[in-house]
Amino acid sequence: MAQIIDGKAVSAAIKEQVRDEIARDGIKAGLAVVIVGNDPASRVYVNNKKKACEFCGIQSFEYALPEETTMQELLELIDTLNNDKNVNGILVQLPLPEQLDEKAVIERISPQKDVDAFHETNVGKIMIGNYSFLPCTPAGCMELIHSTGISVSGKECVVIGRSNIVGKPMAMLLLHENGTVTICHSRTKDLAEVCRRADILVAAVGKPNFVTADMVKEGAVVIDVGINRLENGKLCGDVKFDEVSEKAGWITPVPGGVGPMTIAVLMKNTLTAAKLQK
Ligand code: NAD
C-alpha cells in the first residue's frame, strides 16, 4: 500500500516559511491578481490566493474586470501594475474570455513580476536552468517528490502531458535534477508500457481515472496533477487512486495533493520577486 504524500502539510510548511521570512526581515510584498469575467472555478482559485496572501503577510490587490473587458483595457491595467512599486507580482487568472489574447497578455507582464513564470523570458530561463521563478504547479510537484526523501537523480521519470503550464516545465525540472525523462502525450504509442518504466510518474492529462494500476511500476512515486470535476460534483485526479495506491510506493491524493502546492509556490515566488525588486 502506497504512502500518501500530504500536499496540505507540505504546502502549509512552505507558506509558514514565507510568512516567517516576511515577518522576520520586515519585507513588504504585494501580489496583484487580475480576474476577468465570472468563471466560478477561477473565482475559487482567486479567493484561495487571497487567503494565502493574508496568511503570509503579503498585500493582495484584486482586480475583478467584467466579461466584456477589451484587450486595450486589460493591457493598460497591466502597464499600471508593472509600474506600481507596491506590486511585486502580477497574476492574470486563466482562462480569459475569448476576445482576449492570452499570449499577448502574458507577454505584457514584466518578467520580473511574472510570478506564474509563464512569460517567454522566464520560460527560456527555466529551459537553461537559470531561473528566478519556478513555474508554480511543476515546482509544487518537485517539492512533493522531495518530501518523500527519494532522489530524482538517475531515476526513470515519465510525465504524461506536454502543456506549457505543466507537462513541459515539469519535465525540465526533473531533468535539472538528473532524472531520465520521457514526455508522453496524446500521440504516444504504448503509453502503458512507457509508464510502467517510471520510478517517478507524473500525470497531467486532465482525464479522470486515466492512469490505472497496470500502467504503474511496483513502488513508483505517483504524482497526480489532474483536477477533474465529476458529474456528482466531486473532484478527482487523473490517477485511479484506489487501485494505483495498492501498487505505488508513494502517491498524491486529489484533493489535498498537488492543488495546495501551486498556491504555496506562488507565495514563495511573490516573496522572491519582492526581494529581487528591492
Ligand atoms: P492540457 O489540456 O493543456 O494538457 C493535457 C495534456 O495531456 C496534453 O499535452 C495532451 O497531449 C495530453 N493527453 C491528452 N490525452 C492523452 C492521452 N490519451 N494519452 C496521453 N496524453 C494525453 O492540460 P494542463 O493544463 O496541462 O492540465 C492537466 C491537468 O492538470 C488538468 O486536469 C488540470 O486541471 C490540472 N492542473 C492542475 C493544477 C494544480 O494546481 N493542481 C494546475 C494546472 C493544471
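Note: the structure precedes this text.
Below is a short write-up of the structure.

**Considerations on the overall build of the protein chain**
Counting its regular elements, the protein chain contains ten helices and eleven strands. Here the protein chain has a C-alpha radius of gyration of 19 Å; the compact-globule value for 278 residues is 19 Å, and the two agree. Its C-alpha atoms give the protein chain principal-axis dimensions of about 50 × 45 × 35 Å. Relative to its 278 residues, the protein chain shows a buried fraction of 48%. For the protein chain, the exposed area adds up to about 13300 Å²; of that, 51% sits on carbon and sulfur atoms. Taking the average location of the 30 positive side-chain charges in the protein chain and that of its 35 negative ones, the two points are 3 Å from each other.

**Quick notes on the site of the ligand**
The immediate surroundings of the ligand are formed by 21 residues, with R162, S163, H185, I227 and T262 found nearest. Between S163 and the ligand, the recorded distance is 2.5 Å, taken from a side-chain N or O atom to an oxygen atom. Between the ligand and T262, the relevant distance is 2.7 Å, taken from an oxygen atom to a side-chain nitrogen or oxygen of the residue. Burial of the ligand by the protein chains amounts to 72% of its free accessible area of 860 Å². Ranked by residues supplied to the shell around the ligand, first place goes to helix α10 (residues 258-277) with three residues.

**Notes on the nonpolar core**
Counting 52 residues, the largest nonpolar core has L31, I58, L174, I223 and M267 as the members making the most contacts within it. Among the elements that take part in this core, α10 stands out by supplying ten residues, more than any other. Those residues in contact with L31 that lie beyond four places of it in its chain are C53, I58, Q59, S60, F61, G89, I90, L91, V115, L266, M267 and T270. The next biggest cluster of nonpolar side chains, apart from the first, holds 19 residues, and it includes V194, A198, L201 and A220.

**Section: the environment of A204**
Inspection of the secondary structure assignment puts A204 in the loop between β7 (200-203) and β8 (221-224). In sequence terms A204 and I160 are 44 residues apart; their C-alpha atoms lie 5.6 Å from each other. Among all residues touching A204, those that are not within four sequence positions of it are I160, G161, V166, V225 and D238.

**Observations concerning the side chain of N88**
Summarising the element assignment, N88 is placed in the loop between α3 (71-82) and β4 (89-92). Since its relative accessible area comes to 5%, N88 is described here as buried. Among residues more than four places away in sequence, those in contact with N88 are K28, A29, G30, Q112, K113, T270, A273, A274 and Q277.

**Some words on a negative patch on the surface**
Together, D39, E67, E68, E73 and E76 make up a negatively charged patch on the protein surface. With respect to the helices, strands and loops of the structure, E67 is situated in the loop between β3 (59-65) and α3.

**Details of the pairing of β3**
Across seven bridges, the pairing between strand β2 (residues 30-36) and β3 is parallel. Paired with V34 across the strands is Y63, a residue of β3. After leaving β2, the chain enters helix α2 (residues 40-56) and then returns to the sheet as β3, a path that is right-handed.

**Overview of unusual backbone geometry**
Note that the residue after L94, namely P95, is joined by a cis bond; omega there is 0°. You can see P95 is positioned in the loop between β4 and α4 (102-108). A cis amide bond links V254 with the next residue in sequence, P255, at an omega value of 0°. Mapping P255 onto the fold places it in the loop between β11 (250-251) and α10. Positive phi, normally seen in glycine, also occurs at A117, with a value near 60°. Positionally, A117 belongs in the loop between α4 and α5 (120-128). Among the residues examined, A117 registers a relative accessible area of 4% and is labelled buried.

**So, the packing of helix α1 (residues 7-25) against α2**
Orientation of α1 relative to α2, taken along the N-to-C sense of each, is 45°, at an axis distance of 8 Å. Relative to α2, α1 is oriented oblique. Touching K15, E16, V18, R19 and I22 of α1 are A52, F55 and C56, all from α2. Looking at side-chain class alone, the contact of α1 with α2 contains five nonpolar, no polar and three charged residues.

How each quantity is defined
- Residues numbered from 1 in each chain as written.
- Predicted model: local features only at pLDDT ≥ 70, side-chain atom pairs only at ≥ 80, totals over all residues.
- Heavy atoms only, no water.
- Helix = DSSP H or I, 4+ residues; strand = E, 2+ residues; numbered from the N terminus.
- Rg over C-alpha atoms; globule rule 2.2 N^0.38 Å.
- Buried < 20%, exposed > 50% of the residue type's maximum accessible area, 1.4 Å probe, protein only.
- Areas by Shrake-Rupley, 256 points an atom, 1.4 Å probe, with all protein chains shown as cover.
- Lys, Arg positive; Asp, Glu negative; His and termini not counted.
- Charge placed at Lys NZ, Arg CZ, Asp CG, Glu CD.
- Near = heavy atom within 4 Å.
- Polar contact = N/O pair within 3.5 Å; in protein donor to acceptor, adjacent residues only side chain to side chain.
- Core = buried A, V, L, I, M, F, W, Y, C linked by side-chain atoms within 4.5 Å.
- Contact = heavy atoms within 4.5 Å.
- Patch = residues over 30% accessible without salt bridge, like charges linked within 9 Å, V, L, I, M, F, W, Y side chains within 5 Å.
- Salt bridge = Lys/Arg side-chain N within 4 Å of Asp/Glu carboxyl O.
- Pairing = 2+ DSSP bridges.
- Right-handed = clockwise from strand over helix to strand, strands pointing away.
- Axes fitted to C-alpha atoms, helices over the stretch in contact; angles between N-to-C directions.
- Parallel < 35°, antiparallel > 145°, perpendicular 65-115°, else oblique.
- Nonpolar A, V, L, I, M, F, W, Y, C, P; charged D, E, K, R; others polar.

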